[in-house]
Amino acid sequence: MCGIVGAVSERDVQGILLEGLRRLEYRGYDSAGMAVINGESSLRRAREVGKVAALAEAISANPLSGHLGIAHTRWATHGEPSQLNAHPHMSGERLAIVHNGIIENYQELRDELKAEGYVFTSQTDTEVVAHLIGKNYQQEGNLYNAVKTSITRLRGAFALAVVHADEPDHLVVCREGSPLVVGVGIGENFIASDQLALLPVTDRFMFLEEGDIADIRKDQIKIHDRDGQAVERTITRFEHGSDSADKGEYRHFMLKEIYEQPRVIKATMEGRITDTRVLEQALGTEAANLLDNVRHVQIIACGTSFHAGMVARYWIEDLAGVPCSVEVASEFRYRKHVIQPDTLFLCISQSGETADTLAALRQAKKRASVPRWQFVTSRAARWCGNQTW
Ligand code: GLU
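Figured I'd write up the structure that's included with this text. (Residues numbered from 1 in each chain as written. Predicted model: local features only at pLDDT ≥ 70, side-chain atom pairs only at ≥ 80, totals over all residues. Heavy atoms only, no water.)

With respect to the site of the ligand
Item 1. In the vicinity of the ligand there are 16 residues, among which Arg74, Thr77, His87, Gly101 and Asp125 approach most closely.
Item 2. Between a nitrogen atom of the ligand and a side-chain N or O atom of Thr77, the distance comes to 2.6 Å.
Item 3. Here His87 contributes a side-chain N or O atom positioned 2.8 Å from an oxygen atom of the ligand.
Item 4. Across the complex, the protein chains shield 100% of the 300 Å² of accessible surface that the ligand would expose by itself.
Item 5. Breaking the shell around the ligand down by element, the ones donating at least two residues are strand S4 (68-74) and strand S6 (95-103).
Item 6. Looking at the shell around the ligand, its residues break down into four nonpolar, ten polar and two charged. (Near = heavy atom within 4 Å. Polar contact = N/O pair within 3.5 Å; in protein donor to acceptor, adjacent residues only side chain to side chain. Areas by Shrake-Rupley, 256 points an atom, 1.4 Å probe, with all protein chains shown as cover. Helix = DSSP H or I, 4+ residues; strand = E, 2+ residues; numbered from the N terminus. Nonpolar A, V, L, I, M, F, W, Y, C, P; charged D, E, K, R; others polar.)

The following block contains the structure:
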């Protein structure tokens, strides 16, 4: 899933949020947006399809200055990538939220809220959460309680950051299945889906745990766990230089990668699965429907990715009961191949830049006669490599 950044500070937060989004660009996304509450306690928002640079341009033409704000890069799961579907989503003119993840019971909640007169301007699952919190805010008159009550109705995976113009001194955040970290500053505090987003402003972090809900003010952070108990989360200091570009305490990079596997697998799965199942929308807005029609899976990869594909083949045939073939990209691209109808074409590349794998993908897309097949091809490959072709 994509990125969230938030800040509450004495200084203008617009630049901090924008830089945070730029630092999350590596995750791949389709649109970006920001909402800021200014001194007069009014809430303003900007949203753009495409790169963070497009959002930066829109904001430089119409600045969103203020001391409290939230920002988002979106990977569409419900509704196409578009300005209307981009986050932040609002309920009324004064409440805004950003969300990473998937709300599984969004349709049922949407129908319920529609029947009560709420008007939806997007196709997203997120707008449902905005209106649900908006509705509870009217009853509770307090943002923290409104979020707390609302999340008891949500099923799925989510990290949320919420602001309200009537309460311009704090943001409320929570997580269930999607990552969220609090960046601890001096006289200012931040939140993000990845600590890398906040390194220009702090190196001290608290990692929220599943079910946590937190009230973030510039001079105070209060966290409650899912049972409503006040909890402290340990502050850890980010060691500059101990990141992925450094081999740290290990003798060589291969050893480091081996030891990193549990953490990397957990981070990859976060927001894409629940306790009981895979959230197929994480593969794209159409994935849930398209996957039902898949009759064959063709994996294309090179080197280590090819070996990962061979393991995946066993799992796919065993768990999904769908026939699966695996081929080295350089073989596939230089031979005449027969592609069965309704094939899901899955390209795996560690860097997202393996030349033979990319060439095989382009070739397969060109040859594919069934539009459905082509679509799954590009989405699946894009997911694997965070690349758009
Ligand atoms: N499900 C939400 C949407 O489609 C959030 C996706 C994300 O995590 O970026 O807008």
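Now that the structure is up, let's keep going.
Quick notes on helix H2 (residues 52-61)
Item 1. Of all the positions in H2, only Val52, Leu55, Ala56 and Ile59 are classed as buried. Along H2, the residues classed as buried sweep out an arc of 100° about the axis, all on the same side. Seen from the buried face of H2, the exposed residues on the opposite side, beyond 90 degrees, are Glu57 and Ala61.
Item 2. Each element contacted by the buried residues of H2 is listed here: helix H1 (14-23), strand S2 (31-37), strand S3 (43-49) and S4. (Buried < 20%, exposed > 50% of the residue type's maximum accessible area, 1.4 Å probe, protein only. Arc of directions from axis to C-beta. Contact = heavy atoms within 4.5 Å.)

Observations regarding the sheet that holds strand S1 (residues 3-8)
Item 1. One open sheet holds the eight strands; their spatial order is S3-S2-S4-S1-S10-S9-S11-S15, and the pairing between them is antiparallel. The two strands at the open ends of the sheet, each matched to only one other strand, are S3 and strand S15 (235-237). Pairs of neighbouring strands in the sheet enclose a mean axial angle of 20°, with direction left out of account.
Item 2. Pairing geometry for S1 and strand S10 (residues 189-192), over four bridges, is antiparallel. The residue of S10 that forms the bridge with Gly6 is Ile191.
Item 3. Lying on the sheet, H2 is in contact with S2, S3 and S4; it crosses S3 at an angle near 140°. (Pairing = 2+ DSSP bridges. Axes fitted to C-alpha atoms, helices over the stretch in contact; angles between N-to-C directions.)

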